[in-house]
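Close look at the chain arrangement
In case you want the letters, here they are:
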Amino acid sequence: MALLNFKKKTPQTSGVNPDVESFLQDYSIEVMPRTAEKVENFRDLLPAGTRVYIAHIEGTPIEDMVATAKRLNADGYPVMPHFPARIIKDKATLADWIARYQGEANVDQALLLAGGVAQPHGDFDSSMQLMESGLFDAAGFKRLHVAGHPEGNRDIDTDGSFKQVNAALGWKQEFSKRTDAQMAIATQFAFEAGPIIKWADSLIDMGVDIPVHIGIAGPAKLQTLIKFAIACGVGPSLKVLQKRAMDVTKLLLPYEPTDVVAQLAAHKAANPDFNIERVHFFPLGGIKTNATWAIDNGGASGVPASAS
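Keep in mind that this is a model prediction, so the values were computed, not measured.

Definitions and cut-offs
- Counting restarts for each chain, with residues numbered from 1 along the sequence as it is written.
- Only residues with pLDDT of at least 70 get local features here, since the model is predicted, and only at 80 or more are side-chain atom pairs given and counted; chain-wide, interface and lining totals rely on the full set of residues.
- Computation of side-chain values covers all heavy atoms of the structure but excludes hydrogens and water.
- Counting from the N terminus, the helices are DSSP H or I runs at least four residues long and the strands are E runs at least two residues long.
- Only protein chains enter the calculation, and the probe is 1.4 Å; a residue is then buried if its accessible area is under 20% of its type maximum, exposed if over 50%, and partly exposed in between.
- Whether two residues are in contact is decided by their heavy atoms: any pair within 4.5 Å suffices.
- Here the expected span of a helix is defined as 1.5 Å times the quantity of residues minus one.
- Read the arc as the range of directions from the helix axis to the C-beta atoms.
- Note on definitions: salt bridges are taken to be side-chain nitrogens of Lys or Arg within 4 Å of carboxyl oxygens of Asp or Glu.
- Geometry is summarised by axes, namely lines fitted to C-alpha atoms with helices restricted to the contacting stretch, and by angles between N-to-C directions that run from 0 to 180 degrees.
- Angle categories: roughly parallel below 35 degrees, roughly antiparallel above 145, roughly perpendicular from 65 to 115, and oblique for all the rest.
- For any helix crossing, the convention is left-handed if the near helix is rotated counterclockwise from the far helix by under a right angle, and right-handed if that rotation is clockwise.
- Side-chain classes follow a simple rule in which Ala, Val, Leu, Ile, Met, Phe, Trp, Tyr, Cys and Pro form the nonpolar group, Asp, Glu, Lys and Arg form the charged group, and the remainder, Gly included, forms the polar group.
- Here, nonpolar core means buried Ala, Val, Leu, Ile, Met, Phe, Trp, Tyr and Cys residues that are tied together by side-chain atoms lying within 4.5 Å of each other.
- Aromatic rings from Phe, Tyr and Trp, taking only the six-membered ring of Trp, are treated as a pair when their centres fall within 6.5 Å; an angle between ring planes under 30 degrees marks them as stacked, one over 60 as edge-to-face, and anything in between as tilted.
- Strand pairing is assigned whenever DSSP identifies at least 2 bridges connecting the two strands.

1. Comments concerning the overall build of the protein
Of the regular secondary structure elements, the protein holds 12 helices and eight strands. Counting all 308 residues of the protein, 48% fall into the buried class. Across the protein, the fraction of contacts at a sequence separation of at least 24, relative to all contacts at a separation of at least 6, is 80%.

2. Section: helix H11 (residues 258-270)
Taking 1.5 Å of rise per residue, 13 residues should cover 18 Å, and H11 covers 18 Å from first to last C-alpha, within 8% of that figure. For H11, the complete set of buried residues consists of Val260, Val261, Leu264 and Ala265. Projected down its long axis, H11 carries its buried residues within an arc of 130°, all on one side. Among the exposed residues of H11, those pointing more than 90 degrees away from its buried face are Asp259 and Ala270. At its buried positions, H11 is contacted by helix H1 (18-23), helix H8 (193-206), strand S7 (212-217) and helix H12 (287-297).

3. Some remarks on unusual backbone geometry
Residues other than glycine seldom take positive phi values, yet Asp26 does so here, at roughly 60°. A positive phi angle is found at Asn106, which is not glycine, with a value near 55°. Inspection of the secondary structure puts Asn106 in the loop between helix H4 (91-105) and strand S4 (109-113). Its relative accessible area of 58% is what places Asn106 among the exposed residues.

4. Regarding the side chain of His149
Relative to the helices and strands, His149 is located in the loop between strand S5 (143-148) and helix H7 (163-176). The exposure class assigned to His149 is buried, which follows from its relative accessible area of 18%. Beyond its immediate stretch of four places on either side in the chain, His149 contacts Ile156, Phe162, Val165, Gln188 and Trp199.

5. A few points about the pattern of salt bridges
With the rule as written, the count across this model stands at seven salt bridges. With a shortest N-O distance of 3.3 Å, Arg86 and Asp125 are connected by a salt bridge. Of this pair, Arg86 sits in the loop between strand S3 (79-84) and H4 while Asp125 sits in the loop between S4 and helix H5 (127-132); the two residues are 39 residues apart in sequence, bridging distant segments of the chain. Each of Glu63, Asp96 and Arg100 takes part in a single network of salt bridges with overlapping partners.

6. A word on H8
Here H8 spans 20 Å end to end across 14 residues, near enough to the 20 Å set by a 1.5 Å rise per residue. Residues of H8 that are buried make contact with S5, H7, strand S6 (182-189), S7, H11 and strand S8 (276-282). Count one or two residues on from H8 and you reach Gly207, which has phi positive near 85°.

7. Overview of the packing of helix H3 (residues 62-74) against H4
Packing of H3 against H4 brings their axes to within 9 Å, and their N-to-C directions diverge by 30°. By the angle between their directions, the pair H3 and H4 is classed as roughly parallel. Between H3 and H4 the crossing geometry is right-handed. Contacts between H3 and H4 pair Ile62, Glu63, Met65, Val66, Ala69, Lys70 and Asn73 from the former with Trp97, Arg100, Tyr101, Glu104 and Ala105 from the latter. Its residues assigned to classes, the contact of H3 with H4 shows seven nonpolar, one polar and four charged.

8. Re the nonpolar core
Counting residues in each nonpolar core, the largest one holds 79 residues, and the members touching the most others are Phe42, Leu46, Phe83, Leu94, Leu130, Phe136 and Leu144. Looking at this core element by element, the count peaks at six residues for H8. Apart from the residues lying within four places of it in its own chain, the contact partners of Leu46 are Tyr27, Ile29, Val52, Tyr77, Ala291, Pro304 and Ala305. Listed in part, the five residues of the second largest apolar core include Tyr53, Met80, Leu111 and Leu113.

9. Details of the packing of aromatic side chains
Counted by the stated rule, this structure contains 10 aromatic pairs. Seen from their ring centres, Phe83 and Phe136 are 5.1 Å apart, and the 90° between their planes marks the pair as edge-to-face. With a gap of 53 residues between them, Phe83 in strand S3 and Phe136 in helix H6 (residues 135-138) connect regions that are remote in the sequence. Classification of Phe83 by relative accessible area gives buried; the value is 0%. Judged by relative accessible area, which is 2%, Phe136 ranks as buried. Among the aromatic residues, those joined into a cluster by ring pairs are Phe83, Trp97, Tyr101, Phe136 and Phe141.

10. Concerning the sheet that holds S5
The strand order around the closed barrel formed by eight strands is S1-S2-S3-S4-S5-S6-S7-S8, and the pairing between neighbours is parallel. Going from strand to strand, the sheet's axes swing by 30° on average, the running direction of each strand aside. Across six bridges, S7 lies against S8 in parallel orientation. Bridge pairing in S8 links Ile214 to Val279.

So, in structure tokens, the structure goes:
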């Protein structure tokens, strides 16, 4: 039995905010092997051609990562696995991972990031070292995405500034001129549109014109989001959740990203050159829950493959 039988009922698009519909076009979403296992049929949830990132958490066997990528590719979804530098032992391991993904799952894109572990497991410490290995270009990867932090990253800039993260983005901007791959900045999630817009505009002022795929937390219980926000270092916009937690009328209701998406969509509509190109969802409340929100709010941009 399919999770959602959209073949019998086509989602309705009446009442959908046209700015949001446009903003959600070609959104991407993130899964892990263990969360993907819970989804019976991705085509009942995600639009055709949705880019699916596969998060590589420390301790996850590469075999599980590749198997998930293979399944998604067979369902018609382009796959972008994480390559966390600090859990990759050496260049030979990196080459082996690339070969497995390509050979078994036809992968030609990757998200390169330092990774969430404090001490490197081997030779790599940063995403820049992965790029400089030359292995992704040699393998003909068509897309390389890198991490962005609209609210900074205290693991990198312990003083709360943007000095180191901005320097890294400057280096990645220069690398984008040397690689044949298309690049984008996939960001950490945030809950407030104002700081996101300010940060995105600051990139242009820095001379960084790599398109931004903005991280958005999908619908989830408030307690779940606060837990993830603290763990992921989401700082300034955490107050949005804290304020919601103080409102007893909203405390037990699930958080939905409706407001922040609508505000960003309106800004994009009013400023077509705004450098946020796509939305990238973190389905913290579950893939089905996130996909259902996109179906309900995204109009044509949310219609799952099985209903199109």
